[in-house]
Amino acid sequence: MEPYTARALKVRKNNSLKDFVAVAGPLGVTHFLVFSKSSSSINFKLFRLPGGPTLTFKVMQYSLIKDVVSSLKRHRMHEQQFTHHPLLVLSNFGLQQIQVKLMASMFQNMFPSINVHRVNLNSIKRCLLISYNTETQLLDFRHYSVKVVPVGVSKSLKKLLQEKFPNMSRLEDISELLVKDINLSESEAEQDGTHNILELPQAYAGRGNMKAQQSAVRLTEIGPRMTLQLIKVEEGLAQGNVLYHSFIHKMEAEVKEILARKEAKLQLKAERRQKQEANVERKRQQREAHRERSLAGIRRKRQQDGDSDAEDPGAPEQQDAAEQSEESDAEYYRQEVGEEPDKGESGEAGT
């Protein structure tokens, strides 16, 4: 999957699938490949985000990269091969069954599309071959390294083009190097033919791979290697209807009954959700009405307090008491002096 993969992803024990689905959208993740192991088998789930489908496979056989590489006399694997995505090759996926079409679509969408008229051949360093066997209904998963070498010249001359100098101690003339194959190892003595020789539309990395020249394309397996069996296809992220099952086959009436039960269950769930939303809305309106009544009462209270302060009811009572005190002083002056008090004197007498 390199380079379009989360190599540095760290998974904790308390993480669930929902945690990764939540961050998949912002990170641009489109597929999940999940391997799980039980006491009886190894399973492989392929998820398409964000809405599915989900393909479940059983891993029948597998070989790790280290196992494949150790079986080769000379492997070809380096970091530059993983700077570009591999070339995807699907074999025997032209059937009309729904599960075969879904598998082909899922595998194709895992890698960027390639425009055959504009692609740079130097970016194709690997090849991913997925072959479907119609009889056994098994998938063969193979991963190869791509190497292109010129043809039409002797293998000894190819070694010179690659700056690998052969042993010429047994040669009498340099011309023998061009017409004879000497000191070739078994891995170098590969047989090319019409099955892998073609004319390059553009120059390819490597000495002698020129445009419009004949070159041979060689594949070296680098692993991993898997043989898969499709178990089932589900809608959604492992939570929807089962579209296909390799072991359970149901009649049309059974399928309709199951769908009817599921539809009724979904309808009941929707009704409960609507009822819950209605209750939440009703309670919210009640809180708003109570809040409005409380605010209205607070405003009336403040208005009443403001009117009483403006009228100042204590002021008339103080004024009446002052007038009564002045009248008492004037009456006392009449009785003692026998005359009417002048204006201002009653005030002085009162003081």
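On a predicted model such as this, the values are computed, not experimentally measured, just so you know.

## As for the overall build of the protein
- Scanning the protein from terminus to terminus reveals 8 helices and 10 strands.
- When each of the 351 residues of the protein is scored for burial, the buried share is 25%.
- Relative to all contacts within the protein whose residues are 6 or more apart in sequence, the contacts with residues 24 or more apart total 59%.
- Accessible surface computed for the protein: about 25200 Å², of which carbon and sulfur atoms make up 51%.

## Regarding the nonpolar core
- L46, L55, F57, F93, M103, F107 and L139 are the most contacted members of the largest nonpolar core, which has 23 residues in total.
- Broken down by secondary-structure element, the contributors of at least two residues to this core are β2 (42–48), β3 (54–63), α3 (98–109), β5 (126–133), β6 (138–150) and β9 (225–234).
- With 5 residues, α3 is the largest single contributor of residues to this core.
- If near-sequence neighbours (up to four positions away) are discounted, L46 is found in contact with H31, F32, L33, P53, T54, L55, F57, M106, F107 and M110.
- In terms of nonpolar packing, the next biggest core, distinct from the first, is built from 9 residues, L121, I124, C127 and Y204 among them.

## Focus: the pairing of β2
- Across 7 bridges, strand β1 (residues 31–37) lies against β2 in antiparallel orientation. Paired with F35 across the bridge in β2 is F44.
- Count of turn residues in the β1/β2 antiparallel hairpin: 4 residues.
- Relative to β3, β2 is paired through 5 bridges, and the arrangement is antiparallel. Bridging from a neighbouring strand, F47 pairs with T54 of β3.
- As consecutive antiparallel partners, β2 and β3 are separated by 5 residues, and within that stretch G52 has a phi angle of approximately 90 degrees, a positive value.

## A short note on unusual backbone geometry
- A cis amide bond links L49 with the next residue in sequence, P50, at an omega value of 5 degrees.
- With respect to the element layout, P50 can be found in the loop between β2 and β3.
- A cis amide bond links G52 with the next residue in sequence, P53, at an omega value of 10 degrees.
- Within the element layout of this structure, P53 appears in the loop between β2 and β3.
- Despite not being glycine, A212 shows a phi value in the positive range, around 65 degrees.

## Concerning a nonpolar patch on the surface
- On the surface, M1, L33 and F35 cluster together to form a nonpolar patch covering roughly 260 Å² of accessible area.
- By the element assignment, M1 lies in the segment before α1 (17–27).

## What to know about the layout of surface pockets
- Empty space within the largest pocket amounts to approximately 960 Å³.
- As for the largest pocket, its lining consists of 28 residues, of which A6, L9, V29, H31 and F32 are closest to the centre.
- Taken together, the residues of the lining of the largest pocket sort by class into 18 nonpolar, 7 polar and 3 charged.
- Its boundaries defined by the atoms lining it, the second largest pocket holds a volume of some 600 Å³.
- What lines the second largest pocket is a set of 27 residues, and nearest its centre among them are M1, F35, F141, P224 and M226.

## Re the packing of aromatic side chains
- For the structure on display, the rule yields 5 aromatic pairs.
- Between F57 and F107, the ring centres sit 6.3 Å apart and the planes meet at 25 degrees, which makes this aromatic pair stacked. On the criterion of sequence distance, the pair formed by F57 in strand β3 and F107 in helix α3 is long-range, its members being 50 residues apart.
- Looking at F107, the relative accessible area reads 6%, which means it is buried.
- One aromatic cluster in this structure is built from F35, F44, F57, F93, F107 and Y132.

## Structural notes on the confidence of the model for the protein
- Chain-level statistics for the protein give a pLDDT mean of 80 and a share of 80% at 70 or above.
- Counting interchain partners and residues more than four positions distant, the pLDDT-below-50 stretch residues 182–189 has 16 contacts.
- Counting contacts from residues 345–351, a segment whose pLDDT is below 50, to residues more than four positions away or on other chains yields 4 contacts.

## Focus: the pattern of salt bridges
- Counted according to the given criterion, the structure contains 3 salt bridges.
- Across the pair R225 and E221 runs a salt bridge, and its minimum N-O distance is 2.8 Å.
- One salt bridge in this structure joins R284 and E281, with 2.5 Å as the shortest N-O distance. Highlighted residues: R284 and E281, both in helix α6 (residues 252–311), separated by 3 residues, approximately one helical turn.
- Judged by its relative accessible area of 36%, R284 falls in the partly exposed class.

## Some details on the environment of K18
- Following the sequence through the fold, K18 ends up in helix α1.
- The class for K18 is exposed, based on a relative accessible area of 65%.

Conventions we followed
- Residues numbered from 1 in each chain as written.
- Predicted model: local features only at pLDDT ≥ 70, side-chain atom pairs only at ≥ 80, totals over all residues.
- Heavy atoms only, no water.
- Helix = DSSP H or I, 4+ residues; strand = E, 2+ residues; numbered from the N terminus.
- Buried < 20%, exposed > 50% of the residue type's maximum accessible area, 1.4 Å probe, protein only.
- Contact = heavy atoms within 4.5 Å.
- Areas by Shrake-Rupley, 256 points an atom, 1.4 Å probe, with all protein chains shown as cover.
- Core = buried A, V, L, I, M, F, W, Y, C linked by side-chain atoms within 4.5 Å.
- Pairing = 2+ DSSP bridges.
- Patch = residues over 30% accessible without salt bridge, like charges linked within 9 Å, V, L, I, M, F, W, Y side chains within 5 Å.
- Salt bridge = Lys/Arg side-chain N within 4 Å of Asp/Glu carboxyl O.
- 1 Å grid on protein atoms, 1.4 Å probe; cavity = no way out; pocket = protein on both sides within 12 Å on 5 of 7 lines; lining within 4 Å.
- Points joined across faces, edges and corners; volume = space filled by probe spheres on them.
- Nonpolar A, V, L, I, M, F, W, Y, C, P; charged D, E, K, R; others polar.
- Phe/Tyr/Trp six-rings, centres within 6.5 Å; stacked < 30°, edge-to-face > 60°.
- pLDDT = per-residue confidence, 0-100.

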